[in-house]
Amino acid sequence: MSSPTVRRRRLSTELRRHRVEAGMTLGDVATELEWSPAKLGHIETGIRKWPSVTEISALLRLYGVTGGRREAILTLVRESRLRPWWTQYEDVLPSAYVGNEAGAAAVQVYAGILVPDLLQVPEYTALVAGALGYADGEGERMVAAYLKRQELLEPGGSLRYHAVLEEDALQRTASDRGLLRAQTTRLLEAAALERVTLQLIPTSAGPHPGIAGPFSVLEFDDDEAALAYVESTSGGAIVEAEEQVGACRRVWGELTRIAASPAATTGILRRMALLT
């Protein structure tokens, strides 16, 4: 778990588990420590971003957690308080998503009418930034942040990345042949990577379950539960409920069924590159 965000999620899980094992409710703990139930709830759910070592030590003492288990949890507390690089770009990045992306073992992404973030060339990202209404300086920061995120796909990394891409996402750049060539070349380079799977949905496929909007499903190591990130015009939302994550997985299954195979996708992209 390389991300403080993921460590924070693990900390919340561990605290809830030890409270339940101790046979205590939120109200019991709040009464015993003279805390408000809201404070404890925020610590357990992760709403409070940086719980202190002193607070967590008090909880562990109450739950009877000692020895190596106690030290491991306190290490999680300290590591969850680290300030990661993406906090410098919170004006142009969905930090909740990026924090989980940075610690994920696998990501499955459908980006709708856009090329997925980790596959964009800088010129494309700049175009998207302009469409979102960002000023020049903000657009440059968005490009820099996306380039930093894309390091996850570089050799030596461990992220397994599977993207379903709409042909329309590329056709929208067709008026700029140079951009279309650069973006298609980038996709071909990514598709050749061992840990990357890329599938293209042809425009001819017509309406499909993805019309509900872009989303990602993220999986983690260490028995951490998967989560989904669902995008909307009012901002994306992290989804953790098993039923909702399952719904995203079912749509994902349909999209991968409709899309061209990875080999066929490579062939389509090569033909597009030749036409530019």
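I will try to describe carefully the structure that is included in this document.

Calculation rules
- All residue numbers here refer to positions counted from 1 along the written sequence of the relevant chain.
- Predicted model: local features are reported for residues with pLDDT of at least 70 only, side-chain atom pairs are reported and counted for 80 or more only, and whole-chain, interface and lining totals are derived from all residues.
- The basis for the side-chain values is all heavy atoms of the structure; hydrogens and waters are excluded.
- Whenever a helix is involved, its axis is fitted only over the stretch in contact; in every case the axis is a line through C-alpha atoms, and angles between N-to-C directions fall within 0 to 180 degrees.
- Only DSSP runs of H or I covering at least 4 residues are called helices, and only runs of E covering at least 2 are called strands; the numbering of each starts at the N terminus.
- Working definition: roughly parallel below 35 degrees, roughly antiparallel above 145 degrees, roughly perpendicular at 65 to 115 degrees, and oblique for all remaining angles.
- Here a crossing is taken to be left-handed if its near helix is turned anticlockwise relative to the far helix by less than a right angle, and right-handed if that turn runs clockwise.
- In this description, contact between two residues means that some pair of their heavy atoms is separated by no more than 4.5 Å.
- Each residue gets one of three labels, nonpolar for Ala, Val, Leu, Ile, Met, Phe, Trp, Tyr, Cys and Pro, charged for Asp, Glu, Lys and Arg, and polar for the others, Gly among them.
- Here, a strand pair is defined by DSSP locating no fewer than two bridges between the strands.
- For our purposes a nonpolar core is just a set of buried Ala, Val, Leu, Ile, Met, Phe, Trp, Tyr and Cys residues, chained together by side-chain atoms within 4.5 Å.
- Relative accessibility thresholds used throughout: buried, under 20% of the residue-type maximum; exposed, over 50%; partly exposed, between the two (1.4 Å probe, protein chains only).
- Only Phe, Tyr and Trp rings are paired, with Trp represented by its six-membered ring, and only when their centres lie within 6.5 Å; those with planes under 30 degrees apart are stacked, over 60 edge-to-face, the remainder tilted.

Before going further, it helps to spend a moment on the packing of helix 2 (residues 26-33) against helix 4 (residues 53-63). It is the contact of helix 2 with helix 4, at a shortest axis distance of 11 Å, that shows an interaxial angle of 110°. Compared by their axis directions, helix 2 and helix 4 come out roughly perpendicular. Regarding helix 2 and helix 4, the two cross each other, and that crossing is right-handed. Mapping the contact onto sequence places Val-29, Glu-32 and Leu-33 in helix 2 and Ala-58, Leu-59, Leu-62 and Tyr-63 in helix 4. The class makeup of the residues in the contact of helix 2 with helix 4 is six nonpolar, no polar and one charged.

Here the focus is the sheet that holds strand 6 (residues 237-239). In spatial order, the strands read 3-2-1-4-5-6; together these six strands make up an open sheet with mixed pairing. For this open sheet the edge positions go to strand 3 (196-201) and strand 6, each flanked by a neighbour on one side alone. Neighbour to neighbour, the strand axes of the sheet diverge by 15° on average, direction disregarded. Of the strand pairs in this sheet, strand 5 (residues 227-230) and strand 6 are connected by three bridges, and their pairing is antiparallel. Pairing of Val-230 across the sheet is with Ala-237, part of strand 6.

One ladder, built from four bridges, connects strand 4 (residues 215-219) with strand 5; its direction is antiparallel. Across the sheet, Phe-215 pairs through a bridge with Val-230, a residue of strand 5. Linking two consecutive strands that pair antiparallel, namely strand 5 and strand 6, is a turn of six residues; a positive phi of about 110° is found at Gly-235 within it.

If you trace the backbone, Ile-73 turns up in helix 5 (residues 67-80). Beyond its immediate sequence surroundings of up to four residues, Ile-73 is in contact with Leu-11, Glu-14, His-18, Ile-56, Leu-60 and Val-65.

What follows covers the packing of helix 1 (residues 4-21) against helix 3 (residues 37-45). Two numbers describe how helix 1 lies on helix 3: the axes approach to 7 Å, and their chain directions differ by 125°. Between helix 1 and helix 3, the angle falls in the class oblique. Within the contact between the two elements, helix 1 uses Arg-8, Ser-12, Leu-15, Arg-16 and Arg-19 and helix 3 uses His-42, Ile-43, Glu-44 and Thr-45. Its residues placed into classes, the contact of helix 1 with helix 3 shows two nonpolar, three polar and four charged.

With that out of the way, let us pick up the environment of Arg-160. Residue placement: Arg-160 occurs in strand 2 (residues 160-166). Considering only alpha carbons, one finds Arg-160 and Arg-9, 151 residues apart in sequence, at a separation of 21 Å. Discounting residues that sit within four places of it in the chain, Arg-160 has contacts with Ala-105, Ala-106, Val-107, Arg-195 and Glu-219.

Below, the discussion takes up the nonpolar core. Membership of the largest hydrophobic core comes to 43 residues, with the highest contact counts inside it found for Val-107, Val-115, Leu-119, Tyr-161, Leu-165, Leu-170 and Leu-187. Sorting elements by how many residues they give to this core places helix 10 (residues 177-191) first, with four residues. In contact with Val-107, not counting residues within four places along its chain, are Tyr-97, Leu-159, Arg-160, Tyr-161, His-162, Val-217 and Leu-218. Leu-15, Met-24, Ile-56 and Val-77 belong to the second-largest nonpolar core, a separate cluster that totals 16 residues.

Overall, the coordinates contain four aromatic pairs when judged by the stated rule. Relative to Trp-86, the ring of Trp-85 has its centre 5.7 Å away and its plane inclined at 85°; by these criteria the two rings are edge-to-face. The exposure class of Trp-85 is partly exposed, given its relative accessible area of 23%. Taking relative accessible area as the criterion, Trp-86 reaches 6% and is therefore assigned buried. Pairing Tyr-110 with Phe-215 gives two aromatic rings, centres 6.2 Å apart and planes at 50°, and the pair type is tilted. Of this pair, Tyr-110 sits in strand 1 (residues 106-110) while Phe-215 sits in strand 4, and the two are 105 residues apart along the sequence.

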